[in-house]
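Examination of the molecular architecture
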Amino acid sequence: MPRTLVVVALALLAACGGARPAEQAAPAAPSRPLAGLAGQRVLVAPLFVIREGDALGWAAQIPRQAEFRRTIEEEIAFALRDRGAGTTWVMPEQLVRYYQRNPTTSPDPGALAAGPLRAASLQPGARLTEPLASQLRTLVALHDARLVLLPVELSFEPAGGTMGRASLRLVLADARTSDVRWVGQVKSDSSATFSRALPASLAIRLADLVAAP
């Protein structure tokens, strides 16, 4: 091969080799640990508790906590339905309506004994304790499901400087085997003040764990 062609070929190989690091550095797709649930039937429990006493003082600015919890639940339902989970997932307001019509056969979904799920030490594979295990078994039997996603705790935390954000702890439980399947957390966009936009931001982050926009 003539020397000129050899030089050109080597230059082309070098150029191709130099392009690979840029391709490898492309951002990875966001992790979706709950993507496998998109087509399953999943119960979404009402929010269990809002943590008080945060350093930002945001929890103290919620005038009516029950109403604020319902807002979060409604935003979660809207975001999940927007990602295609509306036909198979049973949302908090559906569980509440069923309980109101059948209070003698259904546990109150707004009064589940979910306190132990707030423990920082909780890990996937842990066993559900009573009476929560029995409550969830009854719920899934009534609604022809197996898995329950529990928004366990909403808290507010600093996000650098004068900014803050909301954080939602979530637990996925297999009610038939009484096992914890997954434990995770989603965080809202940062904000300079307590804002009614926080529930929508949290709901979008939760939906991102299930399916792409």
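The notes below deal with the structure included here. Because the structure is a prediction, the values reported are computed rather than measured. (Residues numbered from 1 in each chain as written. Predicted model: local features only at pLDDT ≥ 70, side-chain atom pairs only at ≥ 80, totals over all residues. Heavy atoms only, no water.)

Bringing the overall build of the protein chain into the picture now. A tally of helices and strands in the protein chain yields five helices and five strands. What you see in the protein chain, going N to C, is helices and strands ordered as α-β-β-α-α-α-β-β-β-α. Counting only residues that meet the buried cut, the protein chain has 39% of its 213 residues in that class. Intrachain contacts of the protein chain at a sequence separation of at least 6 include 66% that bridge at least 24 residues. (Helix = DSSP H or I, 4+ residues; strand = E, 2+ residues; numbered from the N terminus. Buried < 20%, exposed > 50% of the residue type's maximum accessible area, 1.4 Å probe, protein only. Contact = heavy atoms within 4.5 Å.)

We now examine empty space enclosed by the protein. Scanning the entire structure with this criterion turns up one cavity of 30 Å³ or more. By volume, the largest cavity amounts to about 70 Å³. In this structure, the largest cavity is lined by Ala45, Pro46, Leu47, Phe48, Pro109, Gly110, Leu112, Ala114, Leu150, Pro151 and Val152. Partitioned by chemical class, the residues of the lining of the largest cavity number 10 nonpolar, one polar and no charged. (1 Å grid on protein atoms, 1.4 Å probe; cavity = no way out; pocket = protein on both sides within 12 Å on 5 of 7 lines; lining within 4 Å. Points joined across faces, edges and corners; volume = space filled by probe spheres on them. Nonpolar A, V, L, I, M, F, W, Y, C, P; charged D, E, K, R; others polar.)

With that settled, the discussion passes to the nonpolar core. Residues Leu80, Trp89, Leu149, Leu154 and Phe156 are the most contacted members of the largest nonpolar core, which totals 37 residues. Breaking this core down by element, the ones donating at least two residues are β1 (42–44), α2 (65–82), β3 (147–158), β4 (164–174), β5 (179–187) and α5 (198–208). When residues in this core are grouped by element, the largest group, six residues, is from α2. If sequence neighbours within four positions are ignored, Phe156 has contacts with Ile50, Asp54, Leu56, Trp58, Ala59, Ile62, Phe68, Arg165, Ala166, Phe194 and Leu198. In terms of nonpolar packing, the next biggest core, distinct from the first, is built from 22 residues, Ala114, Leu128, Val140 and Val152 among them. (Core = buried A, V, L, I, M, F, W, Y, C linked by side-chain atoms within 4.5 Å.)

What follows deals with the layout of surface pockets. Considering only enclosed or pocket space, the largest pocket measures out at about 290 Å³ in volume. Taken together, 14 residues make up the lining of the largest pocket; nearest its centre are Pro46, Arg70, Glu73, Val96 and Gly110. For the lining of the largest pocket, the class distribution of residues is seven nonpolar, one polar and six charged.

Glancing now at the pattern of salt bridges. For the structure on display, the rule yields 12 salt bridges. Here Lys187 and Glu157 are joined by a salt bridge, their closest N and O atoms 2.9 Å apart. Residue Lys187 is found in strand β5, and its partner Glu157 is found in strand β3; the two are separated by 30 residues along the sequence. The partly exposed category is assigned to Lys187, whose relative accessible area is 27%. Through salt bridges with shared partners, a single network forms among Arg51, Arg118 and Glu153. (Salt bridge = Lys/Arg side-chain N within 4 Å of Asp/Glu carboxyl O.)

Pairing geometry for β4 and β5, over eight bridges, is antiparallel. Paired with Ala173 across the bridge in β5 is Val180. The antiparallel pairing of β4 with β5 creates a hairpin that spans four residues between the two strands, and Ser178 there sits at a positive phi of about 60°. (Pairing = 2+ DSSP bridges.)

Helix-helix packing is described using two parameters, namely the angle between the two axes and the distance between the axes. One can describe the packing of α2 onto α5 by two numbers: an axis separation of 8 Å at closest approach and a directional angle of 40°. Accordingly, the angle class assigned to the pair α2 and α5 is oblique. In the packing of α2 onto α5, the handedness of the crossing is right-handed. Taking contact as the criterion, the partners of Phe68, Thr71, Ile72, Glu75, Ile76, Ala79 and Leu80 in α2 are, on α5, Pro199, Ala200, Ala203, Ile204, Leu206 and Ala207. A breakdown of the residues in the contact of α2 with α5 according to their chemical character gives 11 nonpolar, one polar and one charged. (Axes fitted to C-alpha atoms, helices over the stretch in contact; angles between N-to-C directions. Parallel < 35°, antiparallel > 145°, perpendicular 65-115°, else oblique. Left-handed = near helix turned anticlockwise from the far one by under 90°.)

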